[in-house]
Every structure is written in C-alpha cells, then in structure tokens.
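Spelled out from the first residue to the last, the chains are:
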Amino acid sequence: MTKKEMIWDLSQLVESTATASVRKKLEAMVGEAEKIRKTYHGKIGGLNAKGLLELLELEDAYTLGFEGVVKYCRLMYSADSTDDTAKQLNDAARRASVKVGQALAFIDIELGKLLAEKQSLVTDSMLAEYKHYVERILRRVPHMLSETEEQLIIMKDKNGINAWQMLQGDWLSTRTFDIEIEGKMKTLPYGKIIGLYQSPNRDLRKRANHIVYENLGKDEIVWASAIRAVCEDHLQMCKMRKHPAPMTQSLIANDVDQQTIDSLMKTIKKNVGLYQRYLRIKAKLMGLDKLANYDVVAPLPNAPEMDYAWEEARKEVVEAYTGFDEEIGGWVDEMFERRHIDGEVRKGKRSGAFCSSWLAGKSAYILQSFNERMGDVYTQAHELGHAVHAYLGSRAQKPSNYEIGSCIAETGSIFGELLLTERLLSKAKTKEEKQAILANVLDEFGMAAFQVSARVFFEQGMYDIIEQGEFLDGETVAKLWVTARDEIYGDSVDWLDIMKWEWTMKPHYYIANYRFYNYPYVYAQLFVFALYRLYKEEGRSFVPKLKRLLAAGSSKSPRELAAEVGFDITDERFWEKGIKQAEEFIDMLEQTL
Ligand SMILES: [Zn+2]
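Residues numbered from 1 in each chain as written. Predicted model: local features only at pLDDT ≥ 70, side-chain atom pairs only at ≥ 80, totals over all residues. Heavy atoms only, no water.

Visitor: I'm lost on the overall build of the chain in this one. Help?
Guide: Along the chain, the regular secondary structure elements total 23 helices and seven strands. Taking 25 Å as the expected radius of gyration for a compact globule of 593 residues, we find that the chain reaches 24 Å, a close match to that expectation. Expressed along its principal axes, the backbone C-alpha trace of the chain runs to roughly 70 × 55 × 55 Å. Within the span of the chain, comprising 593 residues, buried residues form 56% of the whole. Expressed as a percentage of contacts within the chain between residues at least 6 apart in sequence, the contacts between residues at least 24 apart total 76%. Charge centroids of the chain, computed over 79 positive and 89 negative side chains, lie 2 Å from each other. (Helix = DSSP H or I, 4+ residues; strand = E, 2+ residues; numbered from the N terminus. Rg over C-alpha atoms; globule rule 2.2 N^0.38 Å. Buried < 20%, exposed > 50% of the residue type's maximum accessible area, 1.4 Å probe, protein only. Contact = heavy atoms within 4.5 Å. Lys, Arg positive; Asp, Glu negative; His and termini not counted. Charge placed at Lys NZ, Arg CZ, Asp CG, Glu CD.)

This is the structure:
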C-alpha cells in the first residue's frame, strides 16, 4: 500500500541529485572550510568586535551553503541503509564532515581564548545578536583542549565511538524476526515488529517482545562491548577535559545547570507513586490484576478501532495545529504538501522517528515508520512540532542561534501532541474512546517523564560501576538496568526476564558525544505540561508567547526562556506544575471507571 505521498522528496535539498554533482558539492564544502582556515587560523586572537562579527556571519553563511548536501546524503541513508548509492554518499558526507571538523576545530579554540581574554566582547553592542552564543562558548572554554588534541579526538571518534554507533544501528536495521501472526509465519524488520508492541492482541505483544529481546540478548557480547567502550571513553574524556562529573558535558551542551536538573529528578522520585497509580488504573481498564511489561504502553483492550490512514492522520494533525494558530497549521500542511515526511515502512530504514531541521530551506524533514496506529499519528504530531520549531526558528534566527539544546528542543513537539489530544478528546463520542486517548497521552507522559528517568539512573549507575573498577559485562549492565527500572516501577508491573536486555536497543546510548541524552526528555515533558496548563488558563493571549519562545531558538538560555513566560525553573514548585497537569489527566481517566 505504498503511496508516493508517503515517501519523502529529498531532491529539494540539492541543486542536482546526480551522484557526481553531490560529490562535487561535498568537495567544495571541504575546500571552503580550508579557505576559512587559511584566512583566520592564528588570527582570531587579534579580532575586534567588528572582525569577530564578520567571522560569525561567515560561519553562518557557510552552514547555510552546505547544510543541504550533507542532509541529502544522511537522510538518504536513513531511509534505506541497504541502498549502495546511499551508503557511498553517506560515507562521503561523513568523511567530508570529519575533514571540515578538523579544518575548523581551531575556531572554537581561538575564539574561546579571545573571549576569555577580552570578556567585554560578550556585552559589545555590535555582537548583540550573538550574545548568548558567545556566552555559551565562554562556558566551554575551561574544558577545551589544544587544537592538535581536538583533532586527534575527532580522528579517534571516527573509527571509535562512531563505529560502535553504526554497528548498533546497522544491526537493528538489517535484522529480521520470524513471528507467527494469525497462523502464518512472517519475517519482519525491526521497524515493523516493534509496531506489534501496540497490537490489541495480548499474546502477540508478548511474543513480539519475547522474540525481539531474546534475539537482542543473544548478542549481549556485542552490546556490552559497545556500551562499555562508549562509557569508558566518556570517562576518559571527562578527565582530559576537566569535567567534574559525567553529566557536566551534557549540562553545558543543554545550556542548563546541575541545580535545575537535581530539583527536576527530585520531583520525579517524589512522584513515582503518581505514575504507579496510573499503571494500576490502566490494569483495571485492561481487566488485569497487574500489568505485564508488554501492557505498559499497549492500547486498551476495549479501545474502539482507531486506525488512521495517511490522509486521515494528515487531516487530524493539520487541524490540531490550525486550532492553535493559523500560520502554524499552514506550515504543518506544507510539510505534507511538499513531501517532507517519509512514512513508508521498509527494510533497511532507520527505526524510530526524527525530524531534521533544514534551516536554509526554512523547513524540515521527518522520518517515521507509519503503521496507521494512533501512536503513529502522535509521532507525526510530535515530529511536526519539531518542524514548527524549525519554521519559526529559521525565520527569526541565524544558524548559530538555532543550536537548540535538548531541553527546549522538545517544546514544540510535546505541545503539538497535547494539541492533538485536545482535538481527539473533543471529538470523542464514547467513554471507551476517551479512555483510549487519555491512556495514550498518559502512556507517553509516563514513558518520557518516568521511564526515561530510569535511564538517567541507569546511565549514572554505569559510570559509578566503572569508576569503582568493576568490569561492565552484559549481565552487569543488565543488573544495573533492572535496578534503575524498579526504582521507578516498584511492584506495579511484572517483567519478562529477558526485558533485562531492554537497554541494548536504545540508539542514544551509542551515539558519540551524546551522554546523558535522557534527562532533557524528562525536563521537556514536565516543562511542556506546565506550559499547556498556562495555555488553558490564559487562552489566546498565550499563543504569541509560545511562538516567541520557539522563535528564540538558542538565542536565550532555557532559564531565560522560561522566565519570559513567567516561570522560575530553579524553583521545585515549577516542576510540580507539570506533575499537576498529569494528575488532572489521571483524574479524568479515573472518573471514567
Ligand atoms: Zn522529539
């Protein structure tokens, strides 16, 4: 049932899709970087405000000039990693990017030194547009190494962490799983079999989980080797860069501080009971004494048939956004109209979903595996929220001011999911429909705020174990995973034994320079639930506030952005506001019992 409109059109990213032309453009990208190096290497220390402004503007123009070609190669590979041309172009783009990284590594280092010596530049009115950008560089300065060392790190990562990451991704996208569905044996790629986790058939869900995790567990030696290398490499780098804790690099990258994240995680620990209360209500709705792990995010058994064809999903999502704001709704529709979304399910396609901003085109591209379930419509609404962020940000900001940390990156996306919830709830005709919608939003909330918190504890656990001199083999990692998981779920869920391998499939753990990718999801979930509460209280006058917040990109810190809409994120009571919104949904659900 493949339809053309479900397959994205990447040709808009490049002048020509001819392989030779793409390669030429990649060569030009490296050539231009070398030119910038020739002009500026060793000279940044002598720049005044005007000279610095010219350099920053040149960097932004460079980003916009070559963003499309790199994106073209990478997205093509994400869409089909078995395609030879895609493989070769992705590799060419990767090699070109490494060369560019090496050629331009001096900029951050020299810029850091310049700013450390002439701190007045940070407040110079000529650089007003880049103020927060240079503030962030200044924060990184104490952790920067020499240019040679930085180049060596890029080189070691290329065949080190990056290779582990690729191995993990390639394993998942090239494996197939044999499973019996309605009496027939089927062979499914990973992206397809995980769709069965949400099947209304409980036995099928159980078997799908079993088959996937049993297979993942068989290769525990691969996963343990990979995750151990990634974690140990990180701890080494922390020592070299003088990061006081394994989380520091992530805090700097996300433009937040330890105190904020500590109070966030404290709020979660304090409220695990609320999540467990929801899981017990869900068990009742499913007619069970207790949920098993394959029920946690499953649809309710009496949920009405709510499958969505591609066109229906488009309609719901576009109208959900339009109800909030006409302009935003128009952009969402444009994403479909210009075929910027790849929804087809195919072997060789990257699993999961993502949105990739295309700043030069003032737009974005989305990849997802669309299985026509309500969850897929939510994924679409989610990723389109990222796209909206890109539409607003690329119109208001230069690329340097659109390097959005993960805490804020999820604002548009989760808000979009809540808009979809509101629309679907308002159209719900029966108690069962209402229950299905609320369970879906609470499942998402539970996963992002609570299940992901388990991953934060898990990751911290791995660093602690390594620092204690213990060896991270597969069983040790699995034990850490189970301990962290149980801290969140208590005794509210029964787990299949093989679920101890759940950590193996999470791509984030294997991505270079992406340690502690997790707490921003928790942050974002509570942040947006709090924003949504504000929208319900203030109505229309809230709309321009949210648009301003998204359009600000990374030109302000999350703390400043929150303050703009009237929140103090260093105050624990702020996080409780997000919890309150979740509690309201749980109460609504309980009332339907
Ligand atoms: Zn997202």
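Visitor: What exactly am I supposed to notice about empty space enclosed by the protein here?
Guide: The method is simple in principle: a probe with the dimensions of a water molecule rolls over the atoms, and the space it marks as empty is what remains. The final tally for this structure, using the stated rule, is six cavities of 30 Å³ or more. For the second largest cavity, the calculated volume is near 70 Å³. D255, G405, I408, K556 and P558 are, among the 13 residues lining the second largest cavity, the residues nearest its centre. Listing elements by their share of the lining of the second largest cavity, those giving two or more residues are α16 (406-409) and α22 (558-564). A breakdown of the residues in the lining of the second largest cavity according to their chemical character gives five nonpolar, four polar and four charged. (1 Å grid on protein atoms, 1.4 Å probe; cavity = no way out; pocket = protein on both sides within 12 Å on 5 of 7 lines; lining within 4 Å. Points joined across faces, edges and corners; volume = space filled by probe spheres on them. Nonpolar A, V, L, I, M, F, W, Y, C, P; charged D, E, K, R; others polar.)

Visitor: Is there a simple way to explain the coordination of the zinc ion in this structure?
Guide: Coordination of the zinc ion by the protein involves H382 (NE2), H386 (NE2), E410 (OE) and E410 (OE), with metal-donor separations of 2.1 to 2.6 Å. Linear spacing of the donor residues for the zinc ion on their chain is H-x3-H-x23-E. Of the two residues, H382 and H386 both sit in helix α15 (residues 374-396), four residues apart, roughly one turn of that helix. Among the residues examined, H386 registers a relative accessible area of 13% and is labelled buried. (Donors = N, O, S within 2.8 Å, 3.2 Å for Na, K, Ca; no water.)

Visitor: Explain the layout of surface pockets here, please?
Guide: When its volume is computed, the largest pocket comes out at roughly 390 Å³. Lining the largest pocket we find 19 residues, and of these Q198, P299, A303, P304 and M374 sit closest to its centre. Sorting the residues of the lining of the largest pocket by element identifies α15 and α18 (431-467) as the ones contributing at least two each. The dominant element in the lining of the largest pocket, judged by the number of residues it contributes, is α18, at four residues. Of the residues belonging to the lining of the largest pocket, the class tally is twelve nonpolar, three polar and four charged. Taken as a whole, the second largest pocket spans an internal volume of roughly 220 Å³. Lining the second largest pocket are twelve residues, and of these K192, G195, L196, N371 and R373 sit closest to its centre. In the lining of the second largest pocket, the residues fall into six nonpolar, two polar and four charged.

Visitor: Just to check I follow, could you spell out the side chain of N90 for this structure?
Guide: Topologically, N90 is positioned in helix α3 (residues 84-117). Classification of N90 by relative accessible area gives buried; the value is 8%. When neighbours within four sequence positions are excluded, N90 is seen to be in contact with C73, R74, Y77 and M166.

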